[in-house]
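Residue-level structural notes
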Amino acid sequence: MAASLLSHGMRRCSARTCAAAAVAVRRGLSSAAPPSVFTRLLLKLNNYFYDVEHIVGWNNWARTLLVRSKNTFFGLAQQNFGDNVAAAYYILTLRGSFRFAGQSEWFRPDSSGKFSYDFMSTPDTQIEEVDLSGTIINHDGLDNLVKQNKLQSLSLRGCPEVDDWFLARLHVFGESLVELDVSHCPCVTVGGLAALQNLRKLQRLDISGLSRLQSPGLVRILLEEMLPHCRVTGAEYEQGLIQPDTREPTEEDHEATSANTGVRHL
Amino acid sequence: MWRKLLASVPAFRAPKAPCRSFKSSSRRAEKDFNKELEAQFRAFREKAAAALPGSDWSPFELTPGLPPERADVVIVGGGVVGWSIAYWLKKKERVRDGLRVLVVEKDPTYSQASTVLSCGGIRQQFSLKENIQLSMTSADFLKNINNHLWVVNEDPVDLQFNHSGYLFLASEKSAHIMEENYHTQRHAGAKVALLSPSQLKERYPWINTEGVALASLGLENEGWFDPWSLLNALRRKAMSMGVYQCFGEVTGFRCSSNVAEIADDDFVDVKRIKYVNVQMPNSLEYQPVETAIVVNAAGANSGKIATMLGIGLGPKESISGIPFPVEPRKRFVYVVHCPDGPGLDTPFLIDYSGVYCRREGLGGNYITGMSPEETEEPDVSNLDVDHDFFQEKVWPRLANRIPAFEQLKVSSAWAGFYDYNTLDQNGIVGMHPLVSNMYFATGFSGHGLQQSPAVGLAVAELILDGGYKTVNLSAFDLKRIFLREPILESNIV
Ligand SMILES: Cc1cc2nc3c(=O)[nH]c(=O)nc-3n(C[C@H](O)[C@H](O)[C@H](O)COP(=O)(O)OP(=O)(O)OC[C@H]3O[C@@H](n4cnc5c(N)ncnc54)[C@H](O)[C@@H]3O)c2cc1C
């Protein structure tokens, strides 16, 4: 298996990863949401004044509230107009776009976020392609889409709220999804990519620009092994691996690795 | 500096002269003066102390780390269950600092706590409705962990959650139980799928399906995470909310007792804890902490805490003669290295033979283990690992199920204590009839980590609201111990 081929590189890599894990996590997270000048000022003030904590807290709370309100479950719309219309409406309010099965035209809102309600005329057609790149969809909002069992293509490029829990929920499209783009999602890690094993029909997967992957090359190999029919793009094989010619592994390396894995787990 | 200054200015030096003459004139007068000074100092000290009500400030040197003298709730055991309860108590208090919560933990390094020695797994594949609900509520908590546990000005919590479901395998004999459980789980809202042996082979070609009649795979909210991150996040948040932490061991209780009539002419002693004795580490010093409520979350040690209150020491056949059924049971976990082992899709595999296995990281490492037979329980006086157990029991079963594991190297191993409930291997949550102010939250036997967030909430509701609101845990009440009515869970690992 590919794993054995690579294990040599990996073993050495994991020693390094352990040591660098803390740093990498921090780096990953800060790149996840680069704090604005205002936030940085507040954080600084917070070191000296207790009440600033509340303002920072409110700031965070307001954002959570926005994300939550944008991702509410459109239960009433579903009841009155059906799953497909509710899903379409949800996608458009998030400023995403979609295409119905059997149609070639895409529905998308204009630059001010307004959209026409033409999609309501075909309540029985299911959605086949969805582009939600750059939106604030999260795992709760996914509830609005789960009934779309003809969904073939989903783009989540650069979604700040898409995390591993989100990817783990994608199993609902296991029988239909062919193409998935999770590139540049700052919260996605290898722990969520492992859940894509439930997407048995997947043929194309884009994992470029995932800042929290420590060794994208290795992850790509593992993903290709896990989904044999899927072409994984966005990571070069040698990315994140130590080149074999830079240093030979020593016996100590081995020791360190095994000790590390044990300790890290403990 | 001040003294120098005073000495250098003549005006200040002047009063010294009468003092000297005073001394020479009468020694008694000096004594009186000193006494008066001392009395005045005492009065001042008393006044200062009175002016600062509730302050722990004292002019005398204190042993650092002593717990406060009183608290509303004392939680014994700073494992994941204890800290979760502390967090939820603070979260539910209505006014800021409305509740003084103290967590007492005997081991600052957590070297023996089950929490950090566990495998970190979470699953919804249980047979009891309560267990399924607890895990689902906890999964929801973990999903939104940064809404709960993020502390301003700190890094967000990263649990390193790995979303690979549990894969249970059933033999011909146990297949019907699996099917039944599957329906219970679906009914409770868990996302689980059943696989036939051929589907299993197709999904996981590296599994030997011989003897497997049915398999069930968790699709959502299952996987494993880093227990230490969860413990630390809970602790950090709870402390930021004002929970007191103290490193010391609870060695006893001071109680008052009342005689209560339970049946015709049958009387029992009902105790009420007034003080918890906390012994400081490496010293004989101890501090009694006055408290209204005590929570026993001491994990594998919680049986010992119950014994301190006389539970189980009474005459046989009486209610006080029934021991609290939680004891430590040692479980081994082996880390193996196998470059040809299964890849990223490795689930948390639970074979019907009892052996389990999951991936650890991406470097070809796996952790594995199994529970021994009831008659072959290892000695619990230490945490030494029995390597023969791996060679004789674990490896043959593991290699039979996953042939790639015929070639492997054990790279390390550790042991931890299950907080084992000998009655039915399920959590015990509630109050003891003989102690009127102690709540129990223990006995989770191998699935306490994943249930801790929800259990914390349930216990906080029980304490502050007087009843369960989110998850109804009345089935896990202590009553079943006295009635000897176990509620059995079929999926114990
Ligand atoms: C090998 C192994 C694997 C496991 N795998 C899983 C798993 O995959 N998933 C899962 O959900 N669960 C698992 N568990 C079970 C889980 O770890 C426990 O159920 C859970 O951690 C219990 O938490 P706790 O806080 O009650 O206990 P602990 O973490 O043991 O905490 C109790 C604390 O109380 C302290 N204490 C004890 N006595 C006193 C005293 N007198 N005074 C002061 N402090 C005291 C101890 O020092 C300890 O820190 C596993 C357990 C083991 C051993």
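Residues numbered from 1 in each chain as written. Chains lettered and ligands numbered in written order. Predicted model: local features only at pLDDT ≥ 70, side-chain atom pairs only at ≥ 80, totals over all residues. Heavy atoms only, no water.

1. Considerations on the overall build of chain A
For clarity, the threshold we go by: Helix numbering and strand numbering both begin at the N terminus, where a helix is a DSSP run of H or I of at least 4 residues and a strand a DSSP run of E of at least 2. Only protein chains enter the accessibility calculation, which uses a 1.4 Å probe; a residue is then buried when its area is under 20% of its type maximum, exposed when over 50%, and partly exposed in between. Residues count as neighbours in contact if any of their non-hydrogen atoms are within 4.5 Å of one another. Here, Shrake-Rupley sampling with a 1.4 Å probe gives the accessible areas, and only protein chains in the shown set may cover a residue.
Along the backbone of chain A there are 9 helices and 7 strands. A total of 266 residues make up chain A; the buried ones form 48% of that total. Counting only contacts in chain A whose residues sit at least 6 apart along the sequence, the fraction spanning at least 24 positions is 68%. For chain A, the exposed surface amounts to about 13200 Å²; the carbon and sulfur share of it is 55%.

2. A look at unusual backbone geometry
Residue and element names in this part refer to chain B. Of note in this structure, Ser 445 is not a glycine but carries a positive phi near 40 degrees. Within the secondary structure layout, Ser 445 lies in the loop between β18 (438–442) and α14 (448–464). Positive phi is not limited to glycine here, since Arg 484 has a value of about 50 degrees. Its place among the elements puts Arg 484 in the segment after α15 (479–483).

3. Regarding the sheet that holds strand β5 (residues 192–195) of chain B
Residue and element names in this part refer to chain B. Put simply, the test is: Should DSSP find at least two bridges between two strands, the strands are taken to pair. Orientation is described by axes fitted as lines to C-alpha atoms, over the contacting stretch for helices, and by angles from 0 to 180 degrees between their N-to-C directions.
One open sheet holds the 8 strands; their spatial order is β5-β6-β4-β13-β14-β15-β12-β16, and the pairing between them is mixed. Strands with a single pairing partner mark the edges of an open sheet, and in this sheet they are β5 and β16 (409–421). For this sheet, the mean inter-axis angle between neighbouring strands, taken without regard to orientation, is 20 degrees. One ladder, built from 4 bridges, connects strand β4 (residues 166–170) with strand β6 (residues 214–218); its direction is antiparallel. Residue Phe 168 lies in a different strand from β6, and its bridge partner there is Ser 216.

4. A word on the pattern of salt bridges
As a working rule, side chains carrying opposite charge can pair if their charged atoms are close by. Residues and elements named next belong to chain B. Where we set the bar: Basic side-chain nitrogens of Lys or Arg form a salt bridge, by our definition, when they fall within 4 Å of a carboxyl oxygen of Asp or Glu.
Counted according to the given criterion, the structure contains 23 salt bridges over all chains. One salt bridge connects Arg 329 with Glu 377, and the closest N-O pair in it is separated by 3.2 Å. Remark: Glu 377 occurs in the loop between β15 (365–369) and α13 (387–401) and Arg 329 occurs in strand β12 (residues 326–337); sequence separation between them is 48 residues. The salt bridge involving Arg 401 is made with Asp 351; its shortest N-O contact spans 3.1 Å. Placement of Arg 401 in helix α13 and of Asp 351 in the loop between β13 (348–350) and β14 (356–360) is noted, with a sequence separation of 50 residues between them. Residue Arg 401 shares its accessibility class with Asp 351, and that shared class is buried. Here the salt bridges share partners, and the residues they tie into one network are Glu 327, Arg 329, Arg 331, Glu 374 and Glu 377.

5. Observations concerning the sheet that holds strand β4 (residues 153–155) of chain A
Residue and element names in this part refer to chain A. Taken in spatial order, the 7 strands make up an open sheet running β2-β1-β3-β4-β5-β6-β7, and their pairing is mixed. Two strands bound the open sheet, and with one partner strand each, they are β2 (106–107) and β7 (231–233). Judged from the 3 bridges that link them, strand β5 (residues 179–181) and strand β6 (residues 204–206) form a sheet pairing that is parallel. Bridged to Asp 181 within β6 is Asp 206.

6. Focus on a nonpolar patch on the surface
Residue and element names in this part refer to chain A. The following threshold applies: Each patch is built from residues lacking any salt bridge and having more than 30% relative accessible area; the joining distance is 9 Å for like charges and 5 Å for nonpolar side chains (Val, Leu, Ile, Met, Phe, Trp, Tyr).
On the surface, Ile 55, Trp 58, Trp 61 and Leu 65 cluster together to form a nonpolar patch covering roughly 460 Å² of accessible area. Relative to the assigned elements, Trp 58 resides in helix α3 (residues 52–70). Given a relative accessible area of 54%, Trp 58 falls into the exposed group.

7. Overview of the interface of chain B and chain A
To be explicit about the condition: Two parts placed together each lose some accessible area; with a 1.4 Å probe, that loss summed over both constitutes the buried area. N or O atoms closer than or at 3.5 Å make up a polar contact, with two conditions inside protein: a donor-capable atom paired with an acceptor-capable one, and, for residues adjacent in sequence, both atoms drawn from side chains. Here the term charged refers only to Asp, Glu, Lys and Arg, the term nonpolar to Ala, Val, Leu, Ile, Met, Phe, Trp, Tyr, Cys and Pro, and the term polar to all other amino acids, Gly among them.
Contacts between chain B and chain A engage 48 residues on the former and 47 residues on the latter. Between chain B and chain A the total buried area reaches about 4100 Å² when both faces are included, carbon and sulfur atoms providing 56% of it. Contact with chain A buries area across many residues of chain B, yet His163(B), Leu344(B) and Leu362(B) alone supply 18% of it, more than any other trio. The tally of links between chain B and chain A comes to 2 salt bridges. For Asp158(B), the salt bridge is made with Arg212(A), and the minimal N-O distance between the two is 3.1 Å. Taken together, chain B and chain A are joined by 8 residue pairs in polar contact (both at pLDDT 80 or more). Listing elements by their share of the side of chain B that touches chain A, those giving two or more residues are α6 (114–117), α7 (129–143), α10 (197–203), β14, β15 and β16 of chain B. For the side of chain B that touches chain A, the per-class residue count stands at 17 nonpolar, 17 polar and 14 charged.

8. Topic: the packing of helix α5 (residues 80–92) of chain B against α14(B)
All names here are of chain B. For clarity, the cut-off: These descriptions rest on fixed angle ranges, namely under 35 degrees for roughly parallel, over 145 for roughly antiparallel, 65 to 115 for roughly perpendicular, and the rest for oblique. The sense of a crossing depends on the near helix, which, turned anticlockwise from the far helix by less than a right angle, makes the crossing left-handed and, turned clockwise, makes it right-handed.
Running from N to C, α5 and α14 cross one another at 40 degrees; their axes reach a closest spacing of 8 Å. In terms of axis orientation, α5 runs oblique to α14. In this structure, the crossing between α5 and α14 has a hand that is right-handed. The segment α5 lies against α14, with Val 80, Val 81, Ser 84, Ile 85, Trp 88, Leu 89 and Lys 92 engaging Gly 448, Leu 449, Ser 452, Pro 453, Val 455, Gly 456, Leu 457, Val 459, Ala 460, Glu 461, Ile 463 and Leu 464. In the contact of α5 with α14, the residues fall into 13 nonpolar, 4 polar and 2 charged.

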